[in-house]
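Architecture at a glance
Read off the chains here:
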Amino acid sequence: MKSFIKILVVALWLGNYAANAQSYVFKVLANKGENSVKIEGADWSPLKTGQSLNSGDELKLSEEAYLGLMHSSGKTLEVKTAGTHTVSGLAANLKSKNSSVASKYADFVMNKMSDDEGSGDYRKSMGATGAVDRALASGASIKIMALSSSEIINDEVILRWNEPKQEGEIEELEYELTFSNLFDETIKTISVDKTSYLLDRSQEPFKGESFIKVKVKVKDKDLKSDDYAITIKPEEESAEIKAILAELKSEIEGKSAMDKLIMAAFYEDNDLLLDALTAYEQAIQAAPNVPVFEKAYEDFLIRNGFTN
């Protein structure tokens, strides 16, 4: 009798464990529009960011909706077509290959999205904590959103800076960017009418330069930034990072807003903040007017001391 009771207890424990261990199929990472979900055996209800979805559930998307889903394997999926979708049908559109690296950084993103207090695992896991040097000496009225010395591994990075405060009548400002090399020799000067510039080090005159210094000033005004240094991370230090990056890129297509968000998490985790900033902006460009991407970018800028 005692043996039977023990077996029964173990069987019940295993049953409960198995039930609790059942993983979700998708989690909702981004949600724009009047979208709803029908949990298996229940009525339709509003869909929420962070919600878990199982194979028997259904989704209903409104017109001009956007849905960013994270699969349990770590893969991401965007859904933009209005109408009803089954979770099992959406899952069937994904390749079956697991995505261990993508899953890790998707979890970072998901933890961040569900961390209202800003003190969860995502912030603790990220390499940038704000306790690093930022270039903003006394007298500098323009602040580039970067470290005073930033390492990068990609050819293209976005340089962005704040628009300086103006007194009296507000006017359109034109900026002059001056780039110089390790020997403080000017290699390029360019004027732009916006607060950003796409630096492409695969093009002349930046090609082959491992150190690039940049300063931003407002044309015809005494408004300028400090000097900011951009360096190419040495091969001996970046080899392992690039190997993991290659694995990550093999697991995701890297073109969608969701994928760009995963890439941004990877770069930030490896202290490649200019690469991360670029990926965040690419995510917003790929899915404009989706609040979750704008909020993720804003949080990134704040926690790294790039903006208030």
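The model shown is predicted, which means the values in this text are computed figures rather than measured ones.

1. A closer look at the overall build of the protein chain
Broken down by element type, the protein chain carries eight helices and 15 strands. In the protein chain, buried positions account for 46% of the 308 residues. As displayed, the protein chain offers around 16500 Å² of accessible surface, 48% of which is attributable to carbon and sulfur atoms.

2. Looking at the side chain of Asn154
Considering the arrangement of structural elements, one finds Asn154 in the loop between strand S9 (149-152) and strand S10 (156-160). Using a relative accessible area of 19% as the deciding quantity, one classes Asn154 as buried. Polar side-chain contacts of Asn154 include one of 3.0 Å to the side chain of Tyr267. At 3.2 Å, the side chain of Asn154 forms a polar contact with the side chain of Asp275. With sequence-adjacent residues up to four places away left out, Asn154 is seen in contact with Arg201, Tyr267 and Asp275.

3. With respect to the confidence of the model for the protein chain
For the protein chain, per-residue confidence averages 82 on the pLDDT scale, and residues scoring 70 or more make up 81% of the total. Within the protein chain, the lowest mean pLDDT, 38, falls on helix H4 (residues 121-125), and the highest, 98, falls on strand S11 (residues 175-180). pLDDT under 50 marks residues 1-22. Its contacts with residues more than four places away, or in other chains, come to zero contacts. A low-confidence stretch, residues 116-138 (pLDDT under 50), is modelled with 50 contacts involving residues beyond four sequence positions or located in other chains.

4. Focus: the environment of Leu301
In this structure, Leu301 sits in helix H8 (residues 291-303). With a relative accessible area of 8%, Leu301 lands in the buried category. Excluding residues that lie within four positions of it along the chain, Leu301 makes contacts with Met145, Leu277, Phe306 and Thr307.

5. Quick look at the nonpolar core
Ranked by size, the top nonpolar core spans 46 residues in total, and within it Tyr66, Leu248, Tyr267, Phe293 and Phe300 carry the most contacts. Looking at this core, the elements with two or more residues in it are strand S1 (26-32), strand S6 (66-71), helix H3 (100-113), helix H5 (235-251), helix H6 (257-269), helix H7 (273-286) and H8. With nine residues, H6 is the single largest residue contributor to this core. Discounting residues that sit within four places of it in the chain, Tyr66 has contacts with Ala30, Asn31, Lys32, Asn35, Glu78, Val79, Lys80, Ala257, Met258, Ala287, Val290 and Phe293.

6. Let's talk about the sheet that holds strand S12 (residues 186-192)
In spatial order, the strands read S9-S15-S14-S11-S12; together these five strands make up an open sheet with mixed pairing. The sheet is open, and its two borders are formed by S9 and S12, each paired with just one other strand. This sheet shows a mean twist of 25 degrees between the axes of neighbouring strands, independent of strand direction. One ladder, built from four bridges, connects S9 with strand S15 (residues 228-232); its direction is parallel.

7. As for the sheet that holds strand S7 (residues 76-79)
Read across the open sheet, the four strands follow the order S4-S1-S6-S7; overall the sheet is antiparallel. Edge positions in the open sheet fall to strand S4 (52-53) and S7, since each of these has one partner strand only. Sheet topology places S6 next to S7; four bridges connect them, and they run antiparallel. Across the sheet, residue Leu69 finds its bridge partner in S7, namely Leu77.

8. Thoughts on the layout of surface pockets
Empty space within the second largest pocket amounts to approximately 230 Å³. Along the wall of the second largest pocket there are 13 residues; nearest its centre are Asn154, Lys260, Met263, Tyr267 and Gln282. Counting residues per element, the ones that place at least two in the lining of the second largest pocket are H6 and H7. With four residues, H7 is the largest single contributor of residues to the lining of the second largest pocket. Grouping the amino acids of the lining of the second largest pocket by side-chain chemistry returns four nonpolar, four polar and five charged.

9. What to know about unusual backbone geometry
Following Glu204, the chain continues to Pro205 via a peptide bond in cis, the omega torsion being 5 degrees. Structurally, Pro205 is set in the loop between strand S13 (196-200) and strand S14 (211-218). The phi torsion at Glu64 lies on the positive side, around 60 degrees, for a residue other than glycine. The residue Glu64 is located in the loop between strand S5 (58-61) and S6 in this model. For Glu64, a relative accessible area of 72% translates into the label exposed. Backbone geometry places Asp220, a non-glycine residue, at a positive phi of 65 degrees. Judged by relative accessible area, Asp220 falls into the exposed class, the value being 80%.

What counts and how
Residues numbered from 1 in each chain as written. Predicted model: local features only at pLDDT ≥ 70, side-chain atom pairs only at ≥ 80, totals over all residues. Heavy atoms only, no water. Helix = DSSP H or I, 4+ residues; strand = E, 2+ residues; numbered from the N terminus. Buried < 20%, exposed > 50% of the residue type's maximum accessible area, 1.4 Å probe, protein only. Areas by Shrake-Rupley, 256 points an atom, 1.4 Å probe, with all protein chains shown as cover. Polar contact = N/O pair within 3.5 Å; in protein donor to acceptor, adjacent residues only side chain to side chain. Contact = heavy atoms within 4.5 Å. pLDDT = per-residue confidence, 0-100. Core = buried A, V, L, I, M, F, W, Y, C linked by side-chain atoms within 4.5 Å. Pairing = 2+ DSSP bridges. Axes fitted to C-alpha atoms, helices over the stretch in contact; angles between N-to-C directions. 1 Å grid on protein atoms, 1.4 Å probe; cavity = no way out; pocket = protein on both sides within 12 Å on 5 of 7 lines; lining within 4 Å. Points joined across faces, edges and corners; volume = space filled by probe spheres on them. Nonpolar A, V, L, I, M, F, W, Y, C, P; charged D, E, K, R; others polar.

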